[in-house]
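For reference, the chains in residue letters:
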2 protein chains.
Amino acid sequence: MEKQDDDSMEQKIRDAAERLFLNKGFALTSTTEIAKAAGCNQALVHYYFRTKDRLFEAVFAEKVKLFVEEILNISSEPITFKEKVRRKIVSHYDLLLENPQMPFLIINELITNPERLNAMKTIVAPNIGMVFAQFERELKEEIRKGTIRPMSAFDFVVTMLSLNIMPFLGIPIMKSALHLDDAGVRDLLLKRREENIEIVLRNLGP
Amino acid sequence: MEKQDDDSMEQKIRDAAERLFLNKGFALTSTTEIAKAAGCNQALVHYYFRTKDRLFEAVFAEKVKLFVEEILNISSEPITFKEKVRRKIVSHYDLLLENPQMPFLIINELITNPERLNAMKTIVAPNIGMVFAQFERELKEEIRKGTIRPMSAFDFVVTMLSLNIMPFLGIPIMKSALHLDDAGVRDLLLKRREENIEIVLRNLGP
DNA sequence: ATTATCTATAGATCTATAGATAATGC
DNA sequence: ATTATCTATAGATCTATAGATAATGC
């Protein structure tokens, strides 16, 4: 997670900021609190990152990049379209399992400060349009062959993302409603991954 | 939306609070801002609601109730199981169309202050367990009859909620990525409702 | 010399309350 | 008399910066 186990104070501030931003969002996290968690005084946070805004961006640009690139990275191996889909669901879901609070953070920021993430998006994934167009061609070809039912590439992506992301947003509800601990949540989430594959493939099927 | 077009200052404060909380969440909305939007001074907000917390609860208890009751209200008309499912998707989705920012607000609060909504839940829907158990029996009977594939009631509900809720969380992204105005967004959301019905029914089918 | 770290503080909020005054209902 | 509304302010943040001191690299 950290850059090569760097134990400099700058890195400690980054790590503390990442953890706190993920847990409470940008607005509810103060630089005072970050400093305390990192083990320094509050002025030092500003010494390294100037403003709370820049700190946020420094911490999250790479994390957002991770997600965008994962989604855009489409395998070119000689496997069937459905197998590609299955692998994509799994790899996206597994990235979420490693960063279960990212959906919350991104949604939170999208609403309270859309410009920030929009700016990130264009820097982080300038080729998003091309990748999508390529996927769209592939999907159309499958539809033409009759191996999958007619549907738009947009709808397909929305379906997959909805099913994969939503369970992570629901973690607090599941915990409370089903009286689960962290291990129980993980169990449930892992089972849900298989369910998502089943649903998406059934949805494709002609 | 308001209680019978009440134009009292108390109601104006409620309305302003609702709008602001929905747009920016609890943490980023100040009572000063609410007062300004309602057209009074900030002390009056506290005169009527004592604390910002109580104001939030006063405004949202009923709105959360609306959603919980919609979900729990299962038709007992003599129609097929699949028709019931279709209607449930539509009525839930339509409630979301009328309150498109609710998913954001609920998720935001669940993470930053889970106790609040948990407390609301038990007040607002004490019979949630019974309703779920009833639905579970109905689903099992259909599976036994072979009209739908084996799946847990929990997975079924997660699927439906994921597909219905996520598009509303994605509104800011869709707006920016597809350069849509409000009417365009509404169009897309309405089309998506039909897609959700298709997906959920395909997922049921044996 | 330069970089890292600290103390102290200005200036801007924000919530909640006290206490004064205006409006309303008997 | 009671209720609604206002002004003013205490007290608690919080961000950002200035300026002092300690640690480090030539």
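Above: the structure in question.
Now for a quick tour of the structure.

## Focus: unusual backbone geometry
Residues and elements named next belong to chain A.
Link 1 in the chain: Within the chain, His 179 stands out as a residue other than glycine whose phi angle is a positive 55°.
Link 2 in the chain: Tracing the backbone through its elements, the reader meets His 179 in the loop between helix H10 (171-178) and helix H11 (182-204).
Link 3 in the chain: With relative accessibility at 72%, the residue His 179 sits in the exposed group.

## Overview of the protein's contact with DNA strand D
Link 1 in the chain: Taken together, the neighbourhood of DNA strand D is formed by 16 residues, with Thr31(A), His46(A), Lys52(A), Asn41(B) and Tyr48(B) sitting nearest.
Link 2 in the chain: Among the atoms of DNA strand D lying within 4 Å of the protein, the sugar-phosphate backbone contributes 65%.
Link 3 in the chain: Take Thr31(A): an N or O atom from its side chain is 2.9 Å from a phosphate oxygen of DNA strand D.
Link 4 in the chain: In the model, a phosphate oxygen of DNA strand D is placed 3.0 Å from a nitrogen or oxygen of the Tyr47(B) side chain.
Link 5 in the chain: Sorting the residues of the surface near DNA strand D by element identifies helix H2 (31-38) and helix H3 (42-49) of chain A together with helix H3 (42-49) of chain B as the ones contributing at least two each.
Link 6 in the chain: The element contributing the most residues to the surface near DNA strand D is H3(B), with 4 residues.
Link 7 in the chain: Here the residues of the surface near DNA strand D sort into 7 nonpolar, 8 polar and 1 charged.

## Notes on the environment of Ser162(A)
Link 1 in the chain: Tracing the backbone shows Ser162(A) in helix H9 (residues 153-169).
Link 2 in the chain: Taking the C-alpha atoms as reference points, Ser162(A) and Asn196(A), separated by 34 residues in sequence, lie 9.9 Å from one another.
Link 3 in the chain: Other than its neighbours up to four places away in sequence, Ser162(A) contacts Pro167(A), Ser162(B), Leu163(B), Met166(B) and Pro167(B).

## Focus: the side chain of Arg14(A)
All names here are of chain A.
Link 1 in the chain: Its place among the elements puts Arg 14 in helix H1 (residues 9-24).
Link 2 in the chain: A polar contact of 3.4 Å, which involves the side chain of Arg 14, links it to the backbone oxygen of Ala 58.
Link 3 in the chain: Here Arg 14 is in contact with Phe 49, Ala 58, Val 59 and Glu 62, once residues within four sequence places are set aside.

## Focus: the protein's contact with DNA strand C
Link 1 in the chain: Around DNA strand C, the surrounding shell holds 16 residues, and the nearest of these are Asn41(A), Tyr48(A), Thr31(B), His46(B) and Lys52(B).
Link 2 in the chain: Take the atoms of DNA strand C that sit within 4 Å of the protein: sugar and phosphate atoms are 65% of them.
Link 3 in the chain: For DNA strand C, a phosphate oxygen lies 2.9 Å from a polar atom in the side chain of Tyr47(A).
Link 4 in the chain: At 2.9 Å from a phosphate oxygen of DNA strand C is found a main-chain nitrogen or oxygen belonging to Lys52(B).
Link 5 in the chain: Only H3 of chain A together with helix H2 (31-38) and H3 of chain B provide two or more residues apiece to the surface near DNA strand C.
Link 6 in the chain: Tallying contributions element by element places H3(A) first for the surface near DNA strand C, with 4 residues.
Link 7 in the chain: Residue composition of the surface near DNA strand C, grouped by class: 7 nonpolar, 8 polar and 1 charged.

## Observations regarding the packing of aromatic side chains
The geometry of two aromatic rings is summed up by the distance between their centres and the angle between their planes.
Residue and element names in this part refer to chain A.
Link 1 in the chain: Tallying each qualifying case throughout the model produces 18 aromatic pairs over all chains.
Link 2 in the chain: Cluster of aromatic residues (ring-pair linked, three or more members): Phe 21, Phe 26, Phe 56 and Phe 60.
Link 3 in the chain: Over the face of the ring belonging to Phe 26 we find Lys 52, whose NZ or CZ atom lies 4.5 Å from the ring centre.

## A closer look at the relation of the copies chain A and chain B
Link 1 in the chain: Relative to chain B, chain A is turned by 180° and slid 0.0 Å along the rotation axis, the superposed coordinates differing by an RMSD of 0.0 Å. Viewed as a symmetry operation, the transformation between the two copies matches a two-fold axis. Minimal C-alpha distance to the rotation axis in chain A is attained by Ser162(A), lying at 2.8 Å.
Link 2 in the chain: Looking at the interface residues of chain A, 97% of them are also at the interface in chain B, so both copies use one shared face.

## A word on the pattern of salt bridges
Link 1 in the chain: All chains considered together, the criterion is met by 32 salt bridges over all chains.
Link 2 in the chain: Salt-bridge contacts for Lys84(A) lead to Glu138(A); the nearest nitrogen and oxygen are separated by 2.7 Å. In this pair, Lys84(A) sits in helix H5 (residues 81-98) while Glu138(A) sits in helix H8 (residues 128-145), placing the two residues 54 residues apart along the sequence.
Link 3 in the chain: The class of Lys84(A) is buried, set by a relative accessible area of 18%.
Link 4 in the chain: The closest approach of N and O atoms between Glu77(B) and Arg87(B), which form a salt bridge, is 3.2 Å. Of this pair, Glu77(B) sits in the loop between helix H4 (52-72) and helix H5 (81-98) while Arg87(B) sits in helix H5; the two residues are 10 residues apart in sequence, bridging distant segments of the chain.
Link 5 in the chain: Put simply, Glu77(A), Glu83(A), Arg86(A) and Arg87(A) are held in one network by salt bridges that share partners.

## Considering the packing of helix H1 (residues 9-24) of chain B against helix H6 (residues 102-112) of chain B
All names here are of chain B.
Link 1 in the chain: Following both chains from N to C, one finds H1 and H6 inclined at 75°, their axes separated by 8 Å at the closest point. It follows that H1 is roughly perpendicular to H6 by the angle criterion. Residues Phe 21, Leu 22, Asn 23 and Lys 24 of H1 form the contact with H6, whose participating residues are Met 102, Phe 104 and Leu 105.
Link 2 in the chain: Per-class residue counts for the contact of H1 with H6 are 5 nonpolar, 1 polar and 1 charged.

So, how was this worked out
- Residues numbered from 1 in each chain as written.
- Chains lettered and ligands numbered in written order.
- Predicted model: local features only at pLDDT ≥ 70, side-chain atom pairs only at ≥ 80, totals over all residues.
- Heavy atoms only, no water.
- Helix = DSSP H or I, 4+ residues; strand = E, 2+ residues; numbered from the N terminus.
- Buried < 20%, exposed > 50% of the residue type's maximum accessible area, 1.4 Å probe, protein only.
- Near = heavy atom within 4 Å.
- Polar contact = N/O pair within 3.5 Å; in protein donor to acceptor, adjacent residues only side chain to side chain.
- Nonpolar A, V, L, I, M, F, W, Y, C, P; charged D, E, K, R; others polar.
- Contact = heavy atoms within 4.5 Å.
- Phe/Tyr/Trp six-rings, centres within 6.5 Å; stacked < 30°, edge-to-face > 60°.
- Lys NZ or Arg CZ within 6 Å of the ring centre and 35° of its normal.
- Least-squares fit on C-alpha atoms with pLDDT ≥ 70 in both.
- Salt bridge = Lys/Arg side-chain N within 4 Å of Asp/Glu carboxyl O.
- Axes fitted to C-alpha atoms, helices over the stretch in contact; angles between N-to-C directions.
- Parallel < 35°, antiparallel > 145°, perpendicular 65-115°, else oblique.

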